[in-house]
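Observations on chain architecture
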Amino acid sequence: VLDLAAVPDTVVSPAVYGEKTGGPVLDFSYVGIDAILEQMRRKAMKQGFELNIMVVGQSGLGKSTLMNTLFKSKVSRKSVLATAQEKIPKTVEIKSISHDIEEKGVRMKLTVIDTPGFGDQINNENCWQPIMKFINDQYEAYLQEEININRKKRIPDSRVHCCIYFIPPTGHCLRPLDVEFMRRLSKVVNIVPVIAKADTLTLEERDFFKQKIREELRANGIDVYPQKEFDEDAEDRMINEKIREMIPFAVVGSDQEYQVNGRRLLGRKTKWGTIEVENIAHCEFAYLRDLLIRTHMQNIKDITSSIHYEMYRVRRLNENNTTVAHANGVPEHHLTAHEM
Amino acid sequence: MASTEIARQAGEGVRGVPLAGHVGFDSMPDQLVNKSVNRGFCFNILCVGETGLGKSTLMDTLFNTKFEGEPTQHNQPGVTLKSYTYELQESNVRLKLTVVNTVGFGDQINKEDSYKSIVEFIDAQFEAYLQEELKIKRTLHSYHDTRIHACLYFIAPTGHSLKSLDLVTMKKLDSKVNIIPIIAKSDAISKSELAKFKIKITSELVSNGVQIYQFPTDDESVAEINSTMNSHLPFAVVGSTEEVKIGNKMVKARQYPWGTVQVENENHCDFVKLREMLIRVNMEDLREQTHTRHYELYRRCKLEEMGFKDTDPDSKPFSLQETYEAKRNEFMGELQKKEEEMRQMFVQRVKEKEAELKEAEKELHEKFDRLKKLHQDEKKKLEEKKKSLDDEVNIFKQKKTAAELLLNQAQQAGGSTTLKRDKERKN
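Residues numbered from 1 in each chain as written. Chains lettered and ligands numbered in written order. Predicted model: local features only at pLDDT ≥ 70, side-chain atom pairs only at ≥ 80, totals over all residues. Heavy atoms only, no water.

1. With respect to the overall build of chain B
What counts is decided by this rule: Elements are defined by DSSP. Helices are runs of H or I of four residues or more, strands are runs of E of two residues or more, and each kind is numbered from the N terminus. Only protein chains enter the accessibility calculation, which uses a 1.4 Å probe. A residue is then buried if its area is under 20% of the maximum for its type, exposed if over 50%, and partly exposed in between. Two residues form a contact once any of their heavy atoms are found within 4.5 Å.
The helix and strand tally for chain B stands at nine helices and eleven strands. Residues classed as buried in chain B amount to 40% of the 427 residues present. For chain B, restricting intrachain contacts to residue pairs at least 6 apart in sequence, the fraction spanning at least 24 positions comes to 69%.

What follows is the structure in structure tokens.
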């Protein structure tokens, strides 16, 4: 029932079903409401989409290659190993590169955010800080634009929709760095953990490793994507449970094509065989691709905007509130500390 | 210790990059549409027009259903807005349709304020959305959007020109809502008169600077049909929920002795065009224009009115909350000042009254004294009079006594003779 303060009389009548009989032109029982789907589609095609993916992991885990494999183009530049001095990074950098890609009329602005230097130092304390800061900065930029009086028609979305975390294929368990990072960042961004360079693990080792990882994530209260609490309905839950049973995906990336059984496939050629990237018997790249791109892309963006961003906004607006209240002599007791 | 150094590579001049194979993000529009289907859609139509122009019937005809509501009387004291929400479903699309009717529009003798309640209603919906958007904990994605997406303005089929009420109302509404003017009950006008009428209306709207909704022509797939339809505005419509048998089909029509007007016959009226434009082609655009143009304008004006300003880029970032707090404190300060002023005034008044009363008391005392004196004087006078009277009485008494004495003496002398006589007698 609609309840408008300005108007007292409102009524809701039971759902009226207008059937589209799909007959001849003059079909007077068909209103045409479902044409809105087509209208929405048209609008989406015209506007295009934005996607911002961050890749985090030690150098040499194949982050850039994986991105290039996912998007079948050079969207990420491999870190150029230069001179000896430059080889040891002193900082965690955040490098963000955007490309316009198009497929079947659908245009997308893809931004890959690389984090060279993460986990590469001897002392990696707080190496997640610059990353946290970057993510929060994007939320801040969006918030600033949103609260402007004169604001843009479409607020440019630079918020990190998804953070792919590369776990080195040790085969044993998560390292403290992995746990620390994922614990902190899963609170502000969607984390998709993957086992990198999975072609060094046998299937049994892989399963064992995955199980161990899942246990450790659970034990540490780390909620990776797809998060259980954001399942919308039973159908959603069913689909997402299946995914949750499979993460982290064991992936192999490649931008080289090889001839396999008369077909040209992306793969890695070794002396003992060719690993086909898109073959699910070999690795789980295809599942990752389907999750990220073909089925859950919109969902990932939605969770970022309606949950992570909103949480940031609430924290930020409350923090301003207490700052001002404090200035007025109100005792502070609920200052929310930034997880840094 | 990892120091924080953030290097940003130029993202501007975003390059295009060809894809070496099928990636799969072409499913994005589908993903987006699916999400919307799960959420359901909202569409809100406002019907403005005089009583009796067939607004309710037209809604019934457009959406193929019988909406609730009795036809209104013509004796409403002012314009009120009645809104009804319905859940419609077609294949997998669920639509929450809200129809708002202006009750009593054009019925009053003095119609100067007729447009006000309409503007207030539209603004109230914007305000509600703005409030939700400004909340700290908000749920925008599940918010029931009540903002008016389309305003169907019903023009009476006089055949001549627009009424001044129409022009004034549309002028007040054109910056707040998408106006689609339609000629109601157009079966009252002949074809030739109709063409002239449409031209007259369009030219009046243009010369008065009324911005009506233009069907968008920037997307090639619908540019052609939209621009054709733009030239057919205002649509001349006829509404009917009654069905009549024509040939071997039942069609919606109005039956007259001289013929039958078929609602969905494009030669008879523009109903099909209206339905096409309003629902099948531009519903989403209407919603978008409402949000990105009309609502933004309202929001901007409202925030500026409340005193917010955009800070310049190099000053500290602010939040609405902060400014709100500052404003609130300012307001409280003013309130306190006012309170103080009132208190002062009160004290002043009390003093004045007190003085007045003292004055009165003094007067009263004086009066009392005066009266007392008067009274004393009177008393004195009376006493004097009494005294003089007493004196007179005394004198009189003395005289009386003297007189009696004389009489007595006289009597004694005579009495003794009498006695002698008596004695003589006896002897």
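What follows picks up the thread again.
2. Focus: the overall build of chain A
Put simply, the rule is: Method for areas: the Shrake-Rupley scheme with a 1.4 Å probe, in which residue coverage is limited to the protein chains shown.
Tallying secondary structure elements over chain A gives nine helices and eleven strands in all. Taken across its 340 residues, chain A has 53% of its residues classed as buried. Surface exposure of chain A reaches about 16300 Å², of which carbon and sulfur atoms provide 53%.

3. A closer look at the side chain of B:Lys35
Note the threshold: In protein, a polar contact means a hydrogen-donor-capable atom and an acceptor-capable atom, both N or O and within 3.5 Å, with residues adjacent in sequence counting only if both atoms are side-chain atoms; elsewhere, any N or O pair within 3.5 Å suffices.
Summarising the element assignment, B:Lys35 is placed in helix α1 (residues 28–39). Side chain to side chain, B:Lys35 and A:Asp302 meet in a polar contact 2.9 Å long. Residue contacts for B:Lys35: discarding those within four places in its chain leaves A:Gln298 and A:Asp302.

4. Focus: the pairing of strand β11 (residues 273–276) of chain A
All names here are of chain A. Filter applied, for reference: The pairing criterion is simple: DSSP has to find at least two bridges between the two strands.
With four bridges joining them, strand β10 (residues 263–270) and β11 adopt antiparallel strand pairing. Across the sheet, residue Thr 270 finds its bridge partner in β11, namely Gly 273. Between β10 and β11, which pair antiparallel one after the other, the connecting turn spans two residues.

5. Points about the state of the cysteines
All names here are of chain A. The condition that has to hold: The term disulfide is used for any two cysteine sulfur atoms that are within 2.5 Å.
Scanning all chains against the criterion turns up zero disulfides over all chains. Looking at Cys 127, it has no disulfide partner, and the nearest cysteine sulfur is the one in Cys 163, 12 Å off. Free of any disulfide, Cys 163 has its nearest neighbouring cysteine sulfur in Cys 162, separated by 7.0 Å.

6. A closer look at the pairing of strand β7 (residues 191–195) of chain A
Residues and elements named next belong to chain A. What counts here: We call a crossover right-handed when, viewed with both strands directed away from the observer, the connection leading from the first strand over the helix to the second proceeds clockwise.
Counting buried residues along β7, five of its five residues qualify, which places the element largely inside the surrounding structure. What you see with β7 is no split at all: Ile 191, Pro 193 and Ile 195 on one side and Val 192 and Val 194 on the other are buried throughout. Relative to β7, strand β6 (residues 162–167) runs parallel, the two being bridged by five bridges. By the bridge assignment, Cys 163 is partnered in β7 with Ile 191. You can see the chain leave β6, run along helix α5 (residues 176–185) and come back into β7, and the turn it takes is right-handed. As defined by bridge partners, β7 adjoins strand β8 (residues 249–250) across two bridges and the pair is classed as parallel. Bridging from a neighbouring strand, Val 194 pairs with Phe 249 of β8.

7. Section: the confidence of the model for chain B
Residue and element names in this part refer to chain B. In plain terms, the rule: One number per residue, pLDDT, summarises how confident the predictor is, and it ranges from 0 to 100.
Mean pLDDT over chain B: 84, with 87% of residues reaching 70 or higher. Residue range residues 1–12 is modelled with pLDDT below 50. Its contacts to residues more than four positions away, or to other chains, number 30 contacts. Here residues 312–318 is modelled with pLDDT under 50, and outside its nearest four sequence neighbours on either side it reaches eight contacts, counting other chains as well. Across the whole predicted complex the pTM is 0.74, and at the interface the ipTM reaches 0.78.

8. Examining the environment of B:Gln214
Residues and elements named next belong to chain B. Among the secondary structure elements, Gln 214 is positioned in the loop between α5 (191–207) and α6 (220–232). With a relative accessible area of 45%, Gln 214 lands in the partly exposed category. The spatial distance from the C-alpha of Gln 214 to the C-alpha of Gly 239 is 23 Å, given a sequence separation of 25 residues.

9. Overview of the packing of aromatic side chains
Residue and element names in this part refer to chain A. Our working rule: Aromatic rings from Phe, Tyr and Trp, taking only the six-membered ring of Trp, are treated as a pair when their centres fall within 6.5 Å; an angle between ring planes under 30 degrees marks them as stacked, one over 60 as edge-to-face, and anything in between as tilted.
Counting across every chain of the model gives 16 aromatic pairs over all chains. Seen from their ring centres, Phe 118 and Phe 181 are 4.9 Å apart, and the 70 degrees between their planes marks the pair as edge-to-face. With Phe 118 in the loop between β5 (106–114) and α4 (129–146) and Phe 181 in helix α5, the pair connects residues that are 63 residues apart, well separated along the chain. Judged by relative accessible area, Phe 118 falls into the buried class, the value being 1%. Judged by its relative accessible area of 0%, Phe 181 is buried. Centroid distance Tyr 142 to Tyr 309: 5.0 Å. Interplanar angle 80 degrees. Geometry classified as edge-to-face. One end of the pair, Tyr 142, is in helix α4; the other, Tyr 309, is in helix α9 (residues 297–327), and 167 residues separate them in sequence. Take Tyr 142: its relative accessible area is 15%, and that puts it in the buried class.

10. Description of the pattern of salt bridges
Note the threshold: The salt bridge criterion pairs a side-chain nitrogen of Lys or Arg with a carboxyl oxygen of Asp or Glu, the two atoms within 4 Å.
Counted under the stated rule, the structure contains 48 salt bridges over all chains. Its salt-bridge partner being A:Glu257, residue A:Arg264 comes within 3.4 Å of it at the nearest N-O pair. A:Arg264 sits in the exposed class, given a relative accessible area of 51%. B:Glu50 is paired through a salt bridge with B:Lys163; the nearest N and O atoms lie 2.8 Å apart. In this pair, B:Glu50 sits in the loop between β3 (41–48) and α2 (55–62) while B:Lys163 sits in the loop between β6 (150–155) and α4 (164–173), placing the two residues 113 residues apart along the sequence. Counted as one network, the salt bridges with shared partners bring together A:Lys72, A:Glu278, A:Arg289, A:Asp290 and A:Arg294.

11. Let's talk about a negative patch on the surface
Rule in force here: Only residues above 30% relative accessible area that lack a salt bridge enter a patch, with like-charged residues linked at up to 9 Å and the nonpolar side chains Val, Leu, Ile, Met, Phe, Trp and Tyr linked at up to 5 Å. Within this scheme the basic residues Lys and Arg register as positive and the acidic residues Asp and Glu register as negative, but His and the chain ends are omitted. The atoms used to mark charge sites are NZ of Lys, CZ of Arg, CG of Asp and CD of Glu.
A grouping of B:Glu359, B:Glu363, B:Glu366 and B:Asp369 is seen on the molecular surface, where their side chains present a negatively charged patch. Among the structural elements, B:Glu359 can be located in helix α9 (residues 320–426).

12. Overview of unusual backbone geometry
With an omega dihedral of 0 degrees, the bond running from A:Ile247 to A:Pro248 counts as a cis peptide bond. You can see A:Pro248 is positioned in the loop between α7 (234–244) and β8. Residue A:Lys104 is not a glycine yet carries a positive backbone phi of 50 degrees. Topologically, A:Lys104 is positioned in the loop between β4 (95–103) and β5. Backbone geometry at B:Ser91 places phi at a positive 45 degrees, although glycine is not the residue there. Of note, B:Ser91 is situated in the loop between β4 (80–90) and β5 (93–103).

13. Observations regarding the sheet that holds β10(A)
All names here are of chain A. This is how it is decided: A fitted line through C-alpha atoms represents every axis, and for helices the fit uses only the stretch in contact; the resulting angles, taken between N-to-C directions, go from 0 to 180 degrees.
Spatial strand order, β9-β10-β11: three strands in an open sheet with antiparallel pairing. Lying at the two open borders of the sheet, with one neighbouring strand each, are β9 (257–260) and β11. Between one strand axis and the next, the sheet turns through 65 degrees on average, direction left out of account.

14. Quick look at α2(B)
All names here are of chain B. Most of α2 sits out of view: six of its eight residues are buried. Considering only its buried residues, α2 is in contact with β3, β5, β6, β7 (179–183), β10 (249–256) and α7 (271–281). Of the residues one or two after α2, Asn 64 is the one with positive phi, at around 55 degrees.

15. As for a nonpolar patch on the surface
On the surface, B:Phe331, B:Met332 and B:Leu335 cluster together to form a nonpolar patch covering roughly 300 Å² of accessible area. With respect to the helices and strands, B:Phe331 occurs in helix α9.

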